[in-house]
Amino acid sequence: MRRPVAVRVVGPLQWIIYPALITLAATVVLGTPFHLFGLHLPEPVIPMVLAFAWPLIRPSMTAPAVLFLVGLFLDLFWNGPLGLWPLCLMAVYGAVLLSRNLLAGHEGLIRFFAYAACTLSAFAMAYLIVTVRVTNAPAILPLIGQIVPTLLLFPIANWMLERFDDGDIRFR
Amino acid sequence: MAFRDGPFENIKVPLAWTAAVVVVVAVIGAIVLLLGDRATPEGGSSMGAARGGFEAAAGPVGGVFAAPVRWAGAARDYVGGYFFAIGENRRLKAEIVELRGWRDEAIAQKNINGRYEALLGLRTEPAVAMATGRAISDARGPFNRAKLLDVGSAKGVRIGNPVISEHGLVGRISGVTSGVSRMVLLTDVASRTPVMIERTDARAMLTGDGGDSPRLEFIRGVGSIQAGDRVLSSGDGGGLPRGLPVGVAAKGIDGAWRVKLFSDHGAVDYVRVLLFQSFGQLVSPDALNAPPLAGLTTAPEPNAAEVGAIRDAAARRLTAQQAQSERARAANAAAAAAATPAATPPTATRPAATTPRPAAVTPPPAPVATAPAPTAAPGGAA
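Worth saying up front: this structure is predicted, and the values here are computed from it rather than measured. (Residues numbered from 1 in each chain as written. Chains lettered and ligands numbered in written order. Predicted model: local features only at pLDDT ≥ 70, side-chain atom pairs only at ≥ 80, totals over all residues.)

## Describing the overall build of chain B
Alright, step 1. What chain B contains, in helices and strands, is 6 helices and 12 strands.
Alright, step 2. When burial is assessed residue by residue, chain B has 27% of its 382 residues classed as buried.
Alright, step 3. Long-range pairs, those at least 24 residues apart, make up 59% of the contacts in chain B between residues at least 6 apart in sequence. (Helix = DSSP H or I, 4+ residues; strand = E, 2+ residues; numbered from the N terminus. Buried ≥ 20, exposed ≤ 12 C-beta atoms within 10 Å, placed from the backbone. Contact = placed C-beta atoms within 7 Å.)

## Considerations on the overall build of chain A
Alright, step 1. Helix and strand content of chain A: 8 helices and 2 strands.
Alright, step 2. Listing each helix as α and each strand as β along chain A from the N terminus yields α-β-β-α-α-α-α-α-α-α.
Alright, step 3. In terms of overall dimensions, chain A has a C-alpha envelope of 70 × 35 × 30 Å along the principal axes.
Alright, step 4. Taken across its 172 residues, chain A has 42% of its residues classed as buried.
Alright, step 5. Considering only residue pairs separated by 6 or more positions, chain A has 70% of its internal contacts joining residues 24 or more positions apart.

## Description of the interface of chain B and chain A
Alright, step 1. In this assembly, 45 residues from chain B lie in contact with 42 residues from chain A.
Alright, step 2. At the level of secondary structure, the elements contributing two or more residues to the side of chain B that touches chain A comprise α1 (15-36), α2 (48-83), β1 (130-139), β2 (146-149) and β5 (181-185) of chain B.
Alright, step 3. For the side of chain B that touches chain A, the leading source of residues is α1 of chain B, giving 14 residues.
Alright, step 4. Residue composition of the side of chain B that touches chain A, grouped by class: 28 nonpolar, 9 polar and 8 charged. (Nonpolar A, V, L, I, M, F, W, Y, C, P; charged D, E, K, R; others polar.)

## Some thoughts on the packing of helix α2 (residues 47-57) of chain A against helix α8 (residues 154-164) of chain A
Residues and elements named next belong to chain A.
Alright, step 1. Two elements in contact, α2 and α8, have axes whose closest approach is 9 Å; the angle formed by their N-to-C orientations is 20°. Comparing their axes, α8 and α2 come out roughly parallel. As α2 runs across α8, the sense of the crossing is right-handed. Residues Val49, Phe52, Ala53, Leu56 and Ile57 of α2 form the contact with α8, whose own contacting residues are Ile156, Ala157, Met160, Leu161 and Phe164.
Alright, step 2. Its residues placed into classes, the contact of α2 with α8 shows 10 nonpolar, no polar and no charged. (Axes fitted to C-alpha atoms, helices over the stretch in contact; angles between N-to-C directions. Parallel < 35°, antiparallel > 145°, perpendicular 65-115°, else oblique. Left-handed = near helix turned anticlockwise from the far one by under 90°.)

## Focus: the sheet that holds β2 of chain B
Residue and element names in this part refer to chain B.
Alright, step 1. Taken together, the 6 strands give a closed barrel; going around it, the order is β1-β2-β5-β4-β3-β12, and neighbouring strands pair in antiparallel fashion. Across the sheet, the axes of successive neighbouring strands diverge by a mean angle of 40°, strand direction being ignored.
Alright, step 2. In this structure, β1 lies alongside β2, joined through 4 bridges in antiparallel fashion. Paired with Ala135 across the bridge in β2 is Leu149.
Alright, step 3. Packed on one face of the sheet, α2 meets β1, β2, β4 (169-176) and β5 and runs near 85° to β1. (Pairing = 2+ DSSP bridges.)

## Some points on the confidence of the model for chain B
Alright, step 1. In this model, chain B carries a mean pLDDT of 81, and residues with pLDDT of at least 70 account for 81%.
Alright, step 2. The ipTM for the predicted assembly is 0.88, set against a pTM of 0.74. (pLDDT = per-residue confidence, 0-100.)

## Focus on the pairing of strand β10 (residues 245-251) of chain B
Residue and element names in this part refer to chain B.
Alright, step 1. In terms of strand pairing, strand β9 (residues 230-233) meets β10 through 3 bridges, oriented antiparallel. Bridge pairing in β10 links Leu232 to Pro245.
Alright, step 2. In this sheet, strand β11 (residues 257-261) lies alongside β10 in antiparallel orientation, the contact comprising 5 bridges. The residue of β11 that forms the bridge with Gly247 is Leu261.

## Points about the pairing of β5 of chain B
Residues in a regular strand project their side chains so that they alternate between the two faces of the sheet.
All names here are of chain B.
Alright, step 1. The element β5 is largely enclosed, with a buried count of 5 among its 5 residues.
Alright, step 2. Burial along β5 is two-sided: the face carrying Ser181, Met183 and Leu185 and the face carrying Arg182 and Val184 are both buried.
Alright, step 3. Strand direction decides the pairing type here: β4 and β5, joined by 5 bridges, are antiparallel. Of the residues in β5, the one forming a bridge with Arg172 is Val184.
Alright, step 4. Taken together, β4 and the strand that follows it, β5, pair antiparallel across an intervening segment of 4 residues.

Written as structure tokens, this is what we have:
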């Protein structure tokens, strides 16, 4: 008699909902007004990790919808113009989705370059939108101060890809 | 026939396509939101209801995370007070000695100022009520510089109220709920604050750019600013009280004048919201924007009697002017004749005053050559 094999299903709860909630929680924690020796907590755009990793893990209808809501949360929490980060995150998601066949299978430096290109494009888009909206260009140094921590989040995106890519045996 | 038995049974839409459809819909939704979110004249947002609902929920959550930070800061200050007590004591004593002189001078100036105000009958601004609150959440990115405060409309806070810390002006309220309000900092990229240079009274516009030191734009006057000048709120436009300390002027590395904010000296933790109502509510915008000479185009046409009076007045005015110029010319001629006594005796240069002068005009007895014909009144009221 064959022993039943325990099938571990990695569903949307595991690779979409939980990461999204963790992202929101981390954003709220980093929004704490902490000030020590003139330094503040960093303020990366943490959902950039999801916008890059989710389309590479698996195309899904739920992921972009959740990403839209996460972007809306960022705008409301940071008092940005409503729609700014949903648009930028969606642009990243869409671009990665389109180039999925190109990026699949690559690892290491190439994957990081792809992540960096997505991050820089999203920030360039946000910079343009804000500049046009308020007819005043934001300073470059604070911009770099947000881009660099966002780039440093790449290991998390990489880990998500290693963990969830091809994780659902039903898609093999 | 069941659906699964129909011709669509074997149609399978690729997952990537369905995901792409959701992406397109989401992008359209984001663009619609971006276009719909506009700033109101008071400084709030057209999506204020959505923002207010979110902030009412986010406020308590932020408060939970901010509380340990505040406790840790208090504990650090408590311990630091013991370690640095002697040095702090010396510094405070020196500061007290310096401040005593300033105190005496301030009392004297207050006395003199009170007398001047009484003499001139000045109406000074009343004291502004305040509401004290704490920052519970912070946005520090290049696109947004804002804080959530734990005071709201229940304590009288309104959109547009200025916010100060113990060091100086910090920002303004941009959204408010009953218990939580949103403050946009002076450094926010959308922030514009009318300021003045204390030394020269020159006006400028403080423009945030997401950095720590906002720019000074539209500085009036040449040489009206130099490094180290104190910058205060000017109160222009009525949105802020005049004279709130803002910072010190400094030249940035990009060559632009910038302001090192006083509020940057320490953590913006406890703040006071000035319950100051903008002067803008005192006047009607329509009355201000009305053309100043609009009444001229709507004045009724003068009737015949008014036309006659206007012409008569114009004629009298012209006659008086001619008489005046004639007198001046005669006086000049007399002076020239007196300077040359060998000349021929003066002839009668005055014409016979046969022409009747207007009765109402009573200039000194000076000759009038001819009475001019009445001309049309200026403005062509005929």
